[in-house]
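Chain by chain, the residues run as shown.
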Amino acid sequence: MATTEECRAALDRLAENLAGAKGELRDAATPDRSLSCHITDLDVTFTGHLVGGHIQDVETRPGTPERRSEIALTMAGDDLVALVDGRLNFAKAWAAGRVRVQASLRDVLRLRSLL
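The protein chain has the name Sterol-binding protein in an unreviewed UniProt entry, where Streptomyces aureoversilis is given as its organism.

So this is what it looks like as structure tokens:
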């Protein structure tokens with residue numbers, strides 16, 4: 001089971017990937033959206049903002065998110081780490097229910113291209 005620190009490190013790697021994205025991936029990463037990622041097995045939520053290809057103002061809070069973000073992800077810590085490391089396919093994990101997403105269809109398609 002991934003730790004809170006490993007999950008935060010995975011989010012930091014995702015932020016680095018977003019910042020270095022080129023072309024279509026960069027376009028997918030540019031919208032200004034509130035973002036949350038609830039890690040079910042740790043019962044912790046990371047919140048922040050996706051702005052210009054960067055994840056900013058990331059905070060860690062216990063439990064479920066207090067309010068709904070424009071992009072809300074829910075998954076186990078190991079799945080977050082595997083997604084960011086490229087060992088887990090986002091579309092397959094989403095279809096299997098391992099990753100839950102609450103977002104507009106356009107944002108879901110953007111996430112798919114980023115992860």
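## Let's talk about the sheet that holds strand E5 (residues 100-102)
Strands sit in the order E3-E2-E1-E4-E5 across an open sheet of five strands; the sheet is mixed. Among the strands making up the open sheet, the edge pair consists of strand E3 (54-62) and E5. The average undirected angle you get between the axes of adjacent strands in this sheet is 15 degrees. As judged from the five bridges shared by strand E1 (residues 33-39) and strand E4 (residues 71-75), these two strands associate in the parallel manner. If you follow Leu 35 over to E4, its bridge partner there is Ile 71.

## A word on helix H3 (residues 77-85)
The buried count for H3 comes to seven of nine residues, which makes it a mostly enclosed element. Looking at H3, one finds that the buried residues are Gly 77, Asp 79, Leu 80, Val 81, Ala 82, Leu 83 and Val 84. Backbone geometry just downstream of H3 places Gly 86 in the positive-phi region, at approximately 85 degrees.

## Looking at the environment of Gly 48
Position of Gly 48 among the secondary structure elements: in strand E2 (residues 44-51). Each C-alpha atom of the pair Gly 48 and Cys 37 lies 9.0 Å from the other, and the pair is 11 residues apart in sequence.

## A word on the packing of aromatic side chains
Working definition: an aromatic ring pair is given by the centre-to-centre distance plus the angle between the planes. Across all of its chains, the model carries one aromatic pair by this definition. Arranged with centres 6.3 Å apart and planes meeting at 15 degrees, the rings of Phe 90 and Trp 94 form a pair that is stacked. Of this pair, Phe 90 and Trp 94 both sit in helix H4 (residues 90-95), four residues apart, which is roughly one turn of the helix.

## Observations concerning the pairing of E2
Regular strands place their side chains on alternate faces of the sheet. For E1 and E2, the ladder comprises seven bridges, and the chain directions are antiparallel. Among the inter-strand pairings, Ile 39 is bridged to a residue of E2, identified as Val 44. When E2 meets E3, the two strands line up antiparallel, connected through seven bridges. Among the inter-strand pairings, Val 44 is bridged to a residue of E3, identified as Pro 62.

## Thoughts on unusual backbone geometry
One non-glycine residue, Asp 43, adopts positive backbone phi at about 50 degrees. Checked against the element boundaries, Asp 43 lands in the loop between E1 and E2. Residue class for Asp 43 comes out partly exposed when judged on its relative accessible area of 42%. A positive phi angle is found at Asp 57, which is not glycine, with a value near 55 degrees. Along the chain, the position of Asp 57 falls in strand E3.

What counts as what
- Residues numbered from 1 in each chain as written.
- Predicted model: local features only at pLDDT ≥ 70, side-chain atom pairs only at ≥ 80, totals over all residues.
- Heavy atoms only, no water.
- Pairing = 2+ DSSP bridges.
- Helix = DSSP H or I, 4+ residues; strand = E, 2+ residues; numbered from the N terminus.
- Axes fitted to C-alpha atoms, helices over the stretch in contact; angles between N-to-C directions.
- Buried < 20%, exposed > 50% of the residue type's maximum accessible area, 1.4 Å probe, protein only.
- Phe/Tyr/Trp six-rings, centres within 6.5 Å; stacked < 30°, edge-to-face > 60°.

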